[in-house]
Amino acid sequence: MRILVAKPGLDGHDRGAKIVARALRDAGFEVIYTGLQQTPEMIVESALQEDVALVGLSILSGAHMTIFPEVLRLLKARGASHIKVFGGGIIPPDDVKKLKKMGVIEIFLPGTSTEAIVEFVKTRLKS
Amino acid sequence: MKERGKKKWEEECLKPQLSRSPERQKRFSTISDLEIPALVCPDDLTGWDYESKLCYPGMYPFTRGVYPSMYRGRLWTMRQFSGFGTPKDTNKRYHYLLSQGQTGLSVAFHLPTLYGRDSDHPLSKGEVGVCGVAVDTLKDMETIFHGIPLDKVTTSMTINGPASVLLCMYLAVAEKQGVSKKQVGGTIQNDILKEYIAQKSWIFPPEPSMRLIVDSFEYCANEVPRWNPISISGYHIREAGATAVQELAFTLRDGMEYVQAGIDRGLLVDKFAPRLSFFFNAHNDFFEEVAKYRAARRIWAKVMKERFGAKNPESMRLRFHTQTAGCSLTAQQPYVNVARVTIQALAAVMGGTQSLHTNSLDETYALPTEQAATIALRTQQVIAEESGVANTIDPLGGSYFVEWLTDRMEAEAWKYIETIDKMGGMIEAIKLGFPQREIADAAYRYQKQVDRQEKIIVGVNKYCVEEKSAIPLLRIAPRVEREQVQNLRRVRKERDNRAVQKCLARIESAASGKDNLVPYILDAVKAYASVGEICDTLRQVFGEYKEVAGF
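Now for a description of the structure that goes with this document. (Residues numbered from 1 in each chain as written. Chains lettered and ligands numbered in written order. Predicted model: local features only at pLDDT ≥ 70, side-chain atom pairs only at ≥ 80, totals over all residues.)

1. Re helix α22 (residues 518–526) of chain B
Residue and element names in this part refer to chain B.
Thought 1: Of the positions making up α22, those classed as buried are Val518, Tyr520, Ile521, Leu522, Ala524 and Val525.
Thought 2: On its buried face, α22 sits against α6 (138–144), α7 (163–176), α9 (206–223), α21 (497–512) and α23 (531–542).
Thought 3: Looking at the residues trailing α22, positive phi occurs at Tyr528, about 70 degrees. (Buried ≥ 20, exposed ≤ 12 C-beta atoms within 10 Å, placed from the backbone. Helix = DSSP H or I, 4+ residues; strand = E, 2+ residues; numbered from the N terminus. Contact = placed C-beta atoms within 7 Å.)

Right under this line is the structure:
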């Protein structure tokens with residue numbers, strides 16, 4: 001099972017994305033990490049090319065309400081709604097609710113253990 | 001005799017106790033995982049000499065502080081990093097903070113400005129005014145500093161790739177206020193090496209970036225004598241997950257790279273080195289942080305004197321700003337963050353910082369509300385005015401443990417510095433991915449320790465509760481992006497566009513040659529050329545930095 005970990009937006013806070021990527025790799029998943037400053041188009045393109053099951057987005061810039069919906073929209077437009085999106089970063093609770101309503105399957109806030117994320121991904125990919 | 005003293009204590013006093021009830025952990029270590037002994041005694045400091053290790057405040061090697069009277073003369077500058085929304089929003093917050101007793105300004109720019117892009121660039125979508133204040137042209141800087149006397153307040157600007165552009169805008173605003181270049185005081189961060197290493201807001205590749213930085217050293221040394229043209233920063237290195245020793249070592253090694261670049265340009269070290277400034281993180285491990293600042297001063301003094309042959313004591317003084325650790329704050333039980341910030345700020349003060357930013361309790365969610373920012377400022381004021389710690393100089397100096405830890409951190413930092421020297425310097429080390437990898441490894445190691453509960457974060461992996469009530473948060477309205485883009489377009493329409501094109505063409509030809517670029521950039525900003533236009537012009541000549549992604 002392949003997972004894309006992507007870092008959209010202009011911010012360079014890649015500590016969390018890299019830790020999650022490592023933890024998923026150590027748990028036996030094949031992880032592709034995009035690196036910084038990815039546009040939603042670039043992320044969706046990578047997701048399709050790499051044929052991933054999940055996309056994890058890390059956003060700490062505050063632009064989450066622009067970026068998450070755009071990634072979801074593009075996945076749908078490319079006929080890839082089966083690829084699910086989860087994420088994490090500096091995201092206020094109200095926005096978490098809104099993003100989940102839009103179809104983001106989970107948002108992990110600061111303080112989440114890597115075990116919780118690995119567990120979530122495992123369960124998700126089983127179902 | 002003495003050694004027998006500690007041995008005797010261990011054998012006769014400690015061991016029987018431990019056999020009855022063992023220590024609560026198998027191993028004690030700092031938050032950076034540096035192992036800590038149970039007790040430090042005089043005999044653990046063999047050969048330790050007061051005059052050479054510490055000496056007196058304001059005297060080489062400055063371990064006890066860079067100024068003779070320290071906080072008894074003047075308190076540290078309370079400089080809260082702040083900026084959001086439109087320039088107007090930020091101007092209002094600055095007036096508020098100054099009215100509440102803040103003593104210096106520190107500008108947080110939004111991400112597009114940090115990357116040298118205008119607010120109407122496609123990559124700026126969703127980012128305008130969100131992470132900081134939007135600045136496109138001089139007009140925005142005029143608004144930000146409206147009604148703030150730039151001959152009275154000093155300003156720090158967190159800006160790296162486009163640092164010279166923002167410095168020039170500031171100088172132009174000052175000029176409009178009738179404040180000369182000789183009078184203005186402040187700092188630009190201008191530290192590109194730590195961007196490649198940790199914060200990742202770069203524009204140009206290393207070589208032209210270093211040229212721009214040395215241009216600003218030269219320009220400020222000649223024209224803006226009270227300006228710090230660089231703030232060599234460990235803060236972001238630490239936030240990216242580095243240990244305290246890595247923060248210390250990489251920052252100082254970055255500093256050496258800049259000094260060498262200045263010397264290579266032909267600048268006299270004692271002409272530009274006195275204005276170099278530093279910026280460190282203040283994390284939770286109190287003694288480790290205090291030791292870090294003290295070790296930093298001692299290492300830098302030695303480096304400047306011995307490695308670079310500085311003669312002026314001012315070149316050897318490591319002056320620094322501190323910010324409490326954003327990465328230590330928790331989204332869970334956010335009010336507890338006030339306690340963390342207090343401990344961190346206290347470490348910075350006990351470590352002799354020259355200025356301080358205390359984080360707000362709500363920063364794991366958004367930029368701070370006015371109320372949260374006020375509590376953060378008040379925390380510093382309580383330390384300054386109520387705690388009594390500012391009444392004597394370096395009160396922890398001479399503590400066996402603090403001196404042991406200071407020595408230990410210095411020794412560990414030298415090991416890294418020597419490794420990087422062997423690689424051919426910091427730029428080479430960055431190209432090899434060395435500091436980046438060391439930091440990512442440390443970040444992962446720490447996360448694993450937290451996951452295993454070997455390191456405790458209150459409210460995160462211990463003392464957790466179900467939380468329902470949310471804290472109030474600052475929201476950046478969508479109007480900000482619209483307003484900012486409209487304002488930018490208005491400026492583009494109203495300015496003399498022929499003059500702008502001429503200025504940009506002159507920047508382009510100067511960039512291809514060897515002239516100092518700062519005067520050309522100053523002309524362009526005065527003509528209301530935008531950050532994006534100036535940086536695009538430089539991009540054409542210099543190219544852009546690209547990082548190889550890895551984890």
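Back to the text.
2. Structural notes on the environment of Gln381 of chain B
Residues and elements named next belong to chain B.
Thought 1: By the secondary structure assignment, Gln381 is in helix α16 (residues 370–385).
Thought 2: Residue classification places Gln381 among the partly exposed residues on the basis of 15 C-beta atoms within 10 Å.
Thought 3: Between the C-alpha atoms of Gln381 and Met78, which are 303 residues apart in sequence, the distance is 8.5 Å.

3. A few points about helix α2 (residues 40–49) of chain A
Residue and element names in this part refer to chain A.
Thought 1: Looking only at α2, the buried set comprises Pro40, Ile43, Val44 and Ala47. Taken around the axis of α2, the buried residues stretch over an arc of 95 degrees, which confines them to a single face. Facing away from the buried surface of α2 by more than 90 degrees, the exposed residues are Glu41 and Gln49.
Thought 2: Where α2 is buried, its residues touch β1 (2–6), β3 (54–59) and α3 (64–77). (Arc of directions from axis to C-beta.)

4. Structural notes on the packing of helix α15 (residues 337–350) of chain B against α16 of chain B
All names here are of chain B.
Thought 1: Contact geometry for α15 and α16: axes closest at 10 Å, N-to-C directions at 45 degrees. Put simply, α15 runs oblique to α16. Handedness of the crossing formed by α15 with α16: right-handed. On α16, the residues that touch Val338, Val341, Thr342, Ala345, Leu346 and Val349 of α15 are Ile375, Ala376, Thr379, Gln380 and Ile383.
Thought 2: Partitioned by chemical class, the residues of the contact of α15 with α16 number 8 nonpolar, 3 polar and no charged. (Axes fitted to C-alpha atoms, helices over the stretch in contact; angles between N-to-C directions. Parallel < 35°, antiparallel > 145°, perpendicular 65-115°, else oblique. Left-handed = near helix turned anticlockwise from the far one by under 90°. Nonpolar A, V, L, I, M, F, W, Y, C, P; charged D, E, K, R; others polar.)

5. Comments concerning the sheet that holds strand β5 (residues 227–228) of chain B
Residues and elements named next belong to chain B.
Thought 1: Sheet architecture is open: 9 strands sit in the order β5-β4-β3-β2-β1-β9-β8-β7-β6, paired in parallel fashion. Two strands bound the open sheet, and with one partner strand each, they are β5 and β6 (230–233).
Thought 2: Two elements, strand β4 (residues 186–188) and β5, share 2 bridges in a ladder whose sense is parallel. Paired with Thr187 across the strands is Asn228, a residue of β5. (Pairing = 2+ DSSP bridges.)

6. What about the interface of chain B and chain A?
Thought 1: Facing 33 residues of chain B, the contacting portion of chain A comprises 28 residues.
Thought 2: Looking at the side of chain B that touches chain A, the elements that each hand over two or more residues are α5 (111–114) and α19 (434–451) of chain B.
Thought 3: In terms of residue count, the dominant contributor to the side of chain B that touches chain A is α19 of chain B (5 residues).
Thought 4: Considering only residue class, the side of chain B that touches chain A consists of 20 nonpolar, 8 polar and 5 charged.

7. Brief notes about the packing of helix α1 (residues 15–26) of chain A against helix α5 (residues 114–126) of chain A
Residue and element names in this part refer to chain A.
Thought 1: Running from amino to carboxyl end, α1 crosses α5 at an angle of 60 degrees, the nearest separation of the two axes being 10 Å. When the interaxial angle is binned, α1 and α5 end up oblique. Judged by the sense of rotation from one axis to the other, the crossing of α1 with α5 is right-handed. Here α1 contributes Ile19, Val20, Ala23 and Leu24 to the contact with α5, which in turn contributes Thr114, Ile117, Val118 and Val121.
Thought 2: Looking at the contact of α1 with α5, its residues break down into 7 nonpolar, 1 polar and no charged.

8. Quick notes on the sheet that holds β1 of chain A
Residue and element names in this part refer to chain A.
Thought 1: Strand order in the open sheet formed by 5 strands is β2-β1-β3-β4-β5, with parallel pairing between adjacent strands. Every other strand in the sheet has two partners, leaving β2 (30–33) and β5 (106–108) as the edge strands with one partner each. On average, each strand axis in the sheet is tilted by 20 degrees relative to the strand beside it, whichever way the strands run.
Thought 2: The pairing of β3 with strand β4 (residues 84–89) spans 6 bridges and is parallel. Bridge pairing in β4 links Val55 to Val85.
Thought 3: Its contacts with the sheet put α2 on β1, β2 and β3, and the angle it makes with β1 is roughly 165 degrees.

9. A word on unusual backbone geometry
The bulk of non-glycine residues show a negative phi, and the bulk of peptide bonds are trans.
Thought 1: For the peptide bond that leads from Tyr60 of chain B to Pro61 of chain B, omega is 0 degrees, which places it in the cis range.
Thought 2: Along the chain, Pro61 of chain B turns up in the loop between α2 (50–53) and α3 (70–73).
Thought 3: One non-glycine residue, Gln37 of chain A, lies in positive phi territory at about 55 degrees.
Thought 4: With respect to the helices, strands and loops of the structure, Gln37 of chain A is situated in the loop between β2 and α2.

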